[in-house]
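Each chain, letter by letter, is given below.
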Amino acid sequence: MNGPDHPFPAPLLERLRAAQKIAVLTGAGVSQESGLRTFRDPQEGFWAQYSPEDLATPEAFERDPRLVWEWYAHRRSQLASVHPNPAHRALTELGNRLPGLTLITQNVDGLHQRAGSRDVIELHGTLTEVRCSACGQRPKEWNDHPRVVPACPDCGGLLRPDVVWFGEILPQGALAAAMEAARTCDAFFSIGTSGLVEPAASLGRTVRQRNGVLIEINREPTPLTPLCDYAFHGKAGDWLPRLVDAVFGSGL
Ligand code: APR
């Protein structure tokens, strides 16, 4: 036997096996292998002329609600044809084996939940729900026409995607839970995120300031990489199943 058939250092595996609490922060890179573009990838087709920063803002919605609504309707329509990938499934497996796992995501695509992960902390909201831009109500049903901004059934205001736009505050409960996880975890994974957007990007630094183990899994280095105890660069869908298998021998 010429040693383990995985590249993970034994001290890392030991720390993960002994961990009572593990926190995971994911970004768009975790959904990339499902076929969803990341934020820093160029947009496609009609939407290539816009950058997310042009559309994902309250000002953009104020200026042209129908354009913003159409972009989110386009992104929501993509969800019907994509599925969780091995990265999502490996994180669900990790959560099944580690009751102390907290899964925090910046993604709004709901793919973690579709992979079976429970209690997902959605820092930036979700594409799958809407809220009224005037009264804040979250209707469960709405007229989901891609080119017509629906009206709130309660007050008649314009409905908007229930996501966090640039410049908006995050859902306070979700942020508090994510910060608590970063403060108390034995190990923290930053997976598929460029680490450019606050306050999510500060979670990894919080772990660094304690003696938590900081691990990055990302296609390329990020500003967090130099702070990490371990950094595995490449596809999350390749690394994560191998890591879970190495830690638990789950035969993924
Ligand atoms: N496996 C691992 N990492 C990947 C993969 C993959 N298959 N594909 C892409 N990546 C990496 C990219 O290298 C990049 O570093 O995922 C990261 C995605 O970064 P961003 O596109 O910036 O997405 P994210 O970090 O989630 O953005 C954070 O910014 O635009 C706002 O609110 C939006 O939630 C989003 C936030």
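For the structure itself, consult the block above.
Criteria and cut-off values
Residues numbered from 1 in each chain as written. Predicted model: local features only at pLDDT ≥ 70, side-chain atom pairs only at ≥ 80, totals over all residues. Heavy atoms only, no water. Salt bridge = Lys/Arg side-chain N within 4 Å of Asp/Glu carboxyl O. Helix = DSSP H or I, 4+ residues; strand = E, 2+ residues; numbered from the N terminus. Buried < 20%, exposed > 50% of the residue type's maximum accessible area, 1.4 Å probe, protein only. 1 Å grid on protein atoms, 1.4 Å probe; cavity = no way out; pocket = protein on both sides within 12 Å on 5 of 7 lines; lining within 4 Å. Points joined across faces, edges and corners; volume = space filled by probe spheres on them. Nonpolar A, V, L, I, M, F, W, Y, C, P; charged D, E, K, R; others polar. Domains from an automatic or database assignment. Pairing = 2+ DSSP bridges. Right-handed = clockwise from strand over helix to strand, strands pointing away.

Engineer: Could you give an account of the pattern of salt bridges, naming the residues involved and the relevant values?
Structural biologist: Counting across every chain of the model gives 14 salt bridges. Residue Asp41 is joined to Arg219 by a salt bridge in which the shortest nitrogen-to-oxygen separation is 3.9 Å. Within this pair, whereas Asp41 is found in the loop between α2 (29-32) and α3 (52-55), its partner Arg219 is found in the loop between β7 (213-218) and β8 (230-233), the two being separated by 178 residues in sequence. Taking relative accessible area as the criterion, Arg219 reaches 48% and is therefore assigned partly exposed. Across the pair Asp229 and Arg208 runs a salt bridge, and its minimum N-O distance is 3.3 Å. With Asp229 in the loop between β7 and β8 and Arg208 in helix α9 (residues 200-208), this pair connects stretches of sequence that are 21 residues apart. Note on Asp229: relative accessible area 38%, which makes it partly exposed. Arg208 gets classed as partly exposed once you look at its relative accessible area, which sits at 28%. One network of salt bridges, in which partners are shared, links Asp41, Arg219 and Glu220.

Engineer: Run through the layout of surface pockets, naming residues and quoting values.
Structural biologist: Any empty space left between atoms is shown by rolling a water-sized probe over those atoms. Here the largest pocket is characterised by a volume of approximately 730 Å³. Around the largest pocket, the lining comprises 41 residues; the ones closest to its centre are Ala28, Phe39, Arg40, Thr193 and Ser194. Those elements that place two or more of their residues in the lining of the largest pocket are α2, α5 (65-79) and β7. A per-element tally of the lining of the largest pocket places α2 first, with 3 residues. A class-by-class count of the residues in the lining of the largest pocket yields 17 nonpolar, 15 polar and 9 charged. Each of domain 1 (10-36 + 84-124 + 170-248) and domain 2 (45-81 + 131-163) accounts for three or more of the residues forming the lining of the largest pocket. Of the voids in this model, the second largest pocket is the one considered here, and its volume is about 210 Å³. Lining the second largest pocket are 13 residues, with Gly95, Leu101, Ser117, Arg118 and Asp119 positioned closest to its centre. If you list the elements that add at least two residues to the lining of the second largest pocket, you get α6 (86-97) and β2 (101-105). Considering every element that reaches the lining of the second largest pocket, the biggest residue donor is α6, with 4 residues. Here the residues of the lining of the second largest pocket sort into 5 nonpolar, 6 polar and 2 charged.

Engineer: I'd like a description of the pairing of strand β6 (residues 187-191), backed by residues and values.
Structural biologist: In terms of burial, β6 is largely enclosed, as 5 of its 5 residues are buried. Residues Ala187, Phe189 and Ile191 of β6 are buried on one face, and the alternating residues Phe188 and Ser190, pointing to the opposite face, are buried as well. Where β6 and β7 come together, 5 bridges link them in parallel fashion. Paired with Ser190 across the strands is Glu216, a residue of β7. Read as a crossover between parallel neighbours, the route from β6 over α9 to β7 is right-handed.

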